[in-house]
Amino acid sequence: MDTKVSQAVRALYGSVDVDVKVTRPDPQFGDYATNVALQLGAKLGKNPGEIADQLAIQLRTDEELKEVQVAGPGFINIRLSDAVLSDNLQHILEQKDVYGKPNTYEDKIVVTEYSDPNPFKVLHAGHLYTSVIGDAISNLIEHAGGTVHRVNFGGDVGMHAAKTMWAIIKRLGGENPDGLSDIEQSKRSEWMAAAYVEGTNAYEDNEADKAEIVALNKRIYQLHTDSDHESPLALIYWTCRKWSYDYFNAFYDRIGTHFEKYYPESETAPTGLATVLEQKETGVYQESQGAIVFVGEPYDLHTRVFVNSEGLPTYEAKDVGLSIKKWADYHFDESIIITGNDITEYMKVVLKSIEQFEPELAHRTKHFTHGNVKLAGGVKMSSRKGNFLRAVDVLDSAADENEKAQGNRDEAPVLGAVKYTFLKNRIGPDIVFDPKESVSIVGNSGPYLQYAHARAVSIVQKASKTAADVALGTFDDYERSLLVKMTEYPDVLDSAVRELSPHLVCTYLYELAQVFNRFYEKSHVLDDEREGVRVQLVTAYASILKNGLILLGIPAPNKL
RNA sequence: GCACCCGUAGCUCAGUGGAUUAGAGCACUGGUCUUCGGAACCAGGUGUCGCAAGUUCGAAUCUUGCCGGGUGUACCA
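Below is a short write-up of the structure. (Residues numbered from 1 in each chain as written. Chains lettered and ligands numbered in written order. Predicted model: local features only at pLDDT ≥ 70, side-chain atom pairs only at ≥ 80, totals over all residues. Heavy atoms only, no water.)

What to know about the nonpolar core
Most often, soluble globular proteins have nonpolar side chains that are buried together.
Link 1 in the chain: If you look at the biggest cluster of nonpolar residues, it comprises 117 residues, and the most contacted ones within it are Leu55, Leu128, Phe422, Leu482, Met486 and Tyr541.
Link 2 in the chain: Formed by 29 residues, the second largest nonpolar core is a distinct cluster that contains Ala162, Ala195, Ile213 and Ala234. (Core = buried A, V, L, I, M, F, W, Y, C linked by side-chain atoms within 4.5 Å. Buried < 20%, exposed > 50% of the residue type's maximum accessible area, 1.4 Å probe, protein only.)

Spelled out as structure tokens, the structure:
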């Protein structure tokens, strides 16, 4: 449609520099609309209404357009002919699940990094949120032709690990690895989460404990440097570290996310440290007050510590190491790091420092941020106080809700409800989550769409007529509005990929389902004289719904 | 203090690099249908689009200044 309008403009006004924009207006106005005449009016100093009239005359010569009307100060509203819509329907049916596939990332290698939980800590609602977001974005890029490598970065060393380990050792009555066998498998993650809280409180409240934790932190780094898997401390550390990864993997299995690679900080730290020390010689990093920093002020950023005065790499250096490792492992065209927006400024400093010695790497790296999950009523989550939402709490409350309504504990609608709740909003602002209200299973929700899909599939399976039985010809109003809505899908995907905005897909699918439900309410499919046509419409509709849901990471079973 | 993000219906949010009458869901009230699978459909809104200026034929959308909330700002991650 862009092309058609552009051609009409060129035919009448030559090569005017104008940004031809075609939108999808309210269906009562048309299938498409453009305000190009208003733009031209301003540019050429003519009456926009007259320009619109002339363009309309030009466009009416196109047989593929059924209606071209001028409205208001110079908008042009356009409707497609039924013949074109028939072609579109055939196209959807033939292409099936690849209908509307954009090629934005064709032949591109993309590394997406998200979720990033820390071993020795609990998975909270924020990890679930960022995992769902990261997954949907990865899916979108993949669908647009990219080769996507999903990776996960996590702190298996550092103060949080030391805090947890300190409390664990205390609970074991010393560095006594045998005591770990008393902890039941199902209790392990909770037990470690409690140890983290205990260690954090000790660190904040007691100077002597704090000193012990700081010392323990260094010893844990040393375990890695020495490849120590034998000493009592090492046995405790490696066992608990494995418990954490088991816990993560079980969780990712449950939500259907799979990472190709974990980058534990213990592996990126040495690379990061070495790089920072090396680049200190070239002047990228500087010594300051016993630490090694990157001075950000010349770039309108702030100064951050990369190696602390103990000689240990901070998160900054570990991130430098991570970037270098990812670059070496994948030689990506684009690296997308998806995190909360609280580290936006931090990441700018890290990337700016990398840009000094590895510009190509920095330029190909994109930091994409989302808001934080907040509890309703402005309650702040605090792991210390224990009033935070664990990731499993969110899933379990959705499961309870679903059981109340449907009487079963199927996971598909639970994932649908949770993921859709997280994805339907624009990525950026904080999202408010009310554990009591839980997640929605009616209205604009995942289960609504899953159900809509299952119902459509069920109808198709019962149909006796197929596409071949009927000539398409013309469409009635309900058929037509469904079909027009379906032709919008490629545009939606294109925007969603360009803007990495899964919520555009959510909004669209919901609107599509609403249009379908209106059609469905008024138009009988089976045993109707128009069964052949309608079955095709329902088939195409189901394939788009399924495609969209899968892109969002939401299961779309044929039966619920 | 400085930097960045966010203020749209009672609540949670859409609103595409400007436009035809600012829209959904939830909640509330009423209705539809002897279900092609009711997780449905239909009807019901007097919203200071945070406030105020500015630019324009036209601003929720762009600019500036305020107000309010959040986050970040050197040895945590």
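From this point on, the discussion continues.
A look at the sheet that holds strand E1 (residues 22-23)
Link 1 in the chain: One open sheet holds the four strands; their spatial order is E1-E2-E4-E3, and the pairing between them is antiparallel. The sheet is open, and its two edges are formed by E1 and strand E3 (65-71), each paired on a single side.
Link 2 in the chain: Relative to strand E4 (residues 75-80), strand E2 (residues 32-34) is paired through three bridges, and the arrangement is antiparallel. Its bridge partner being in E4, Tyr32 is matched across the sheet by Ile78. (Pairing = 2+ DSSP bridges. Helix = DSSP H or I, 4+ residues; strand = E, 2+ residues; numbered from the N terminus.)

What to know about the packing of helix H8 (residues 207-225) against helix H9 (residues 232-255)
Link 1 in the chain: At their nearest, the axes of H8 and H9 sit 11 Å apart, and the two run at 80 degrees to each other. When the axis of H8 is compared with that of H9, the two are roughly perpendicular. In this structure, H8 uses Leu216, Arg219, Ile220, Leu223 and His224 to contact H9, whose residues at the interface are Leu233, Ala234, Tyr237, Trp238 and Arg241.
Link 2 in the chain: Here the contact of H8 with H9 is built from residues that sort into seven nonpolar, one polar and two charged. (Axes fitted to C-alpha atoms, helices over the stretch in contact; angles between N-to-C directions. Parallel < 35°, antiparallel > 145°, perpendicular 65-115°, else oblique. Contact = heavy atoms within 4.5 Å. Nonpolar A, V, L, I, M, F, W, Y, C, P; charged D, E, K, R; others polar.)

Let's talk about the packing of helix H1 (residues 2-13) against helix H2 (residues 36-44)
Link 1 in the chain: Packing of H1 against H2 leaves a shortest axis separation of 12 Å and a crossing angle of 30 degrees. Between H1 and H2, the angle falls in the class roughly parallel. At the point where H1 passes H2, the crossing takes the right-handed sense. Counted together, Val5, Val9 and Tyr13 of H1 and Val36, Leu40 and Leu44 of H2 form the full contact between these two elements.
Link 2 in the chain: Across the contact of H1 with H2, the residue classes tally to six nonpolar, no polar and no charged. (Left-handed = near helix turned anticlockwise from the far one by under 90°.)

Some points on the sheet that holds strand E11 (residues 334-340)
Link 1 in the chain: The five strands lie next to each other as E7-E6-E5-E11-E12, forming an open sheet whose pairing is parallel. In the strand order of this sheet, the two ends are held by strand E7 (261-264) and strand E12 (365-370), each with one partner. In this sheet, adjacent strand axes meet at a mean angle of 25 degrees when their direction is disregarded.
Link 2 in the chain: Two strands pair when backbone bridges link them, and strand E5 (residues 109-113) and E11 are joined in this way by four bridges, in the parallel orientation. Paired with Val110 across the bridge in E11 is Glu334.
Link 3 in the chain: Across the sheet, helix H10 (residues 265-281) touches strand E6 (147-154) and E7, and the angle it forms with E7 is around 60 degrees.

Focus on helix H4 (residues 82-95)
Link 1 in the chain: With 14 residues, H4 should reach 20 Å at 1.5 Å per residue; the first-to-last C-alpha distance of 20 Å fits that figure.
Link 2 in the chain: All of the buried residues in H4 are Asp82, Val84, Leu85, Ser86, Asn88, Leu89, Ile92 and Leu93.
Link 3 in the chain: Against the buried residues of H4 lie E3, E4, helix H17 (477-487) and helix H20 (531-551). (Expected span 1.5 Å × (residues − 1).)

Topic: the pattern of salt bridges
Link 1 in the chain: Applying the stated rule across the entire model yields 38 salt bridges.
Link 2 in the chain: Residue Asp135 pairs with Arg150 through a salt bridge whose shortest N-O separation is 3.0 Å. Of this pair, Asp135 sits in helix H5 (residues 125-143) while Arg150 is found in strand E6, placing the two residues 15 residues apart along the sequence. For the pair Asp135 and Arg150, a shared accessibility class is recorded, and that class is buried. (Salt bridge = Lys/Arg side-chain N within 4 Å of Asp/Glu carboxyl O.)

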